[in-house]
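Reading the structure
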Amino acid sequence: MLISFQINKPNPIAAAIGLGLFIWKLINKIIDGMETKVDVLDEKVSAQISEIEQRLGQKLDSQHGILVALIDRVRSVDNEIIRQDTLLKTILGVPQLMHTDRLAKADRDDQRKD
């Protein structure tokens with residue numbers, strides 16, 4: 001007795017659908033993995049940028065205070081030089097050499113506006 005097996009040919013439509021489903025799932029896995037990697041990378045970059053901004057902010061604040069103090073000292077020295085010049089000219093009796101407009105400006109500029 002001879003047993004015969006009939007081998008069915010695979011259906012090309014079913015094979016194409018199966019291959020398409022496999023490729024679709026594979027692409028979705030890849031995209032999901034990339035999204036998580038991009039999210040982690042974005043968080044790391046944001047944390048580093050905020051840390052740098054904080055350090056720069058602290059340094060700039062301290063430098064700003066130093067600059068304001070130096071500007072105040074220079075302004076004070078300049079005004080004192082003008083006053084000493086006027087006093088010296090008054091003592092020497094040379095009032096025609098006094099610059100009253102500079103003296104008045106020194107008195108006005110002596111007060112900080114910020």
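Owing to the predicted nature of the structure, the values given are computational and were not obtained by experimental measurement.

**Considering the overall build of the chain**
Each helix and strand counted, the chain has two helices and zero strands in total. Per-residue burial for the chain yields a buried fraction of 4% across its 114 residues.

**Some points on the pattern of salt bridges**
Across all of its chains, the model carries three salt bridges by this definition. The closest approach of N and O atoms between Glu-51 and Arg-55, which form a salt bridge, is 3.3 Å. You can see Glu-51 and its partner Arg-55 sitting in helix 1 (residues 12–92), four residues apart, about one turn around the helix. Residue classification places Glu-51 among the partly exposed residues on the basis of a relative accessible area of 43%. Of the residues examined, Arg-55 reaches a relative accessible area of 46% and is grouped as partly exposed. Between Asp-72 and Arg-75 there is a salt bridge; the shortest N-O distance is 3.8 Å. Separated by three residues within a single helix, Asp-72 and Arg-75 lie in helix 1, roughly one turn from each other.

**Focus on the side chain of Thr-86**
Positionally, Thr-86 belongs in helix 1. For Thr-86, a relative accessible area of 13% translates into the label buried. Here Ile-82 takes part through its backbone oxygen, which lies 2.9 Å from a polar atom of the side chain of Thr-86.

**Side note on a nonpolar patch on the surface**
A surface patch of nonpolar side chains, about 750 Å² in accessible area, is lined by Leu-19, Phe-22, Ile-23, Leu-26, Ile-27, Ile-30, Ile-31 and Met-34. Within the fold, Ile-23 resides in helix 1.

**A short note on a negative patch on the surface**
Side chains of Asp-32, Glu-35, Asp-39, Asp-42 and Glu-43 sit close together on the surface and give a patch of like negative charge. Within the fold, Asp-39 resides in helix 1. Residue classification places Asp-39 among the partly exposed residues on the basis of a relative accessible area of 45%.

About the criteria used
Residues numbered from 1 in each chain as written. Predicted model: local features only at pLDDT ≥ 70, side-chain atom pairs only at ≥ 80, totals over all residues. Heavy atoms only, no water. Helix = DSSP H or I, 4+ residues; strand = E, 2+ residues; numbered from the N terminus. Buried < 20%, exposed > 50% of the residue type's maximum accessible area, 1.4 Å probe, protein only. Salt bridge = Lys/Arg side-chain N within 4 Å of Asp/Glu carboxyl O. Polar contact = N/O pair within 3.5 Å; in protein donor to acceptor, adjacent residues only side chain to side chain. Patch = residues over 30% accessible without salt bridge, like charges linked within 9 Å, V, L, I, M, F, W, Y side chains within 5 Å. Areas by Shrake-Rupley, 256 points an atom, 1.4 Å probe, with all protein chains shown as cover. Lys, Arg positive; Asp, Glu negative; His and termini not counted. Charge placed at Lys NZ, Arg CZ, Asp CG, Glu CD.

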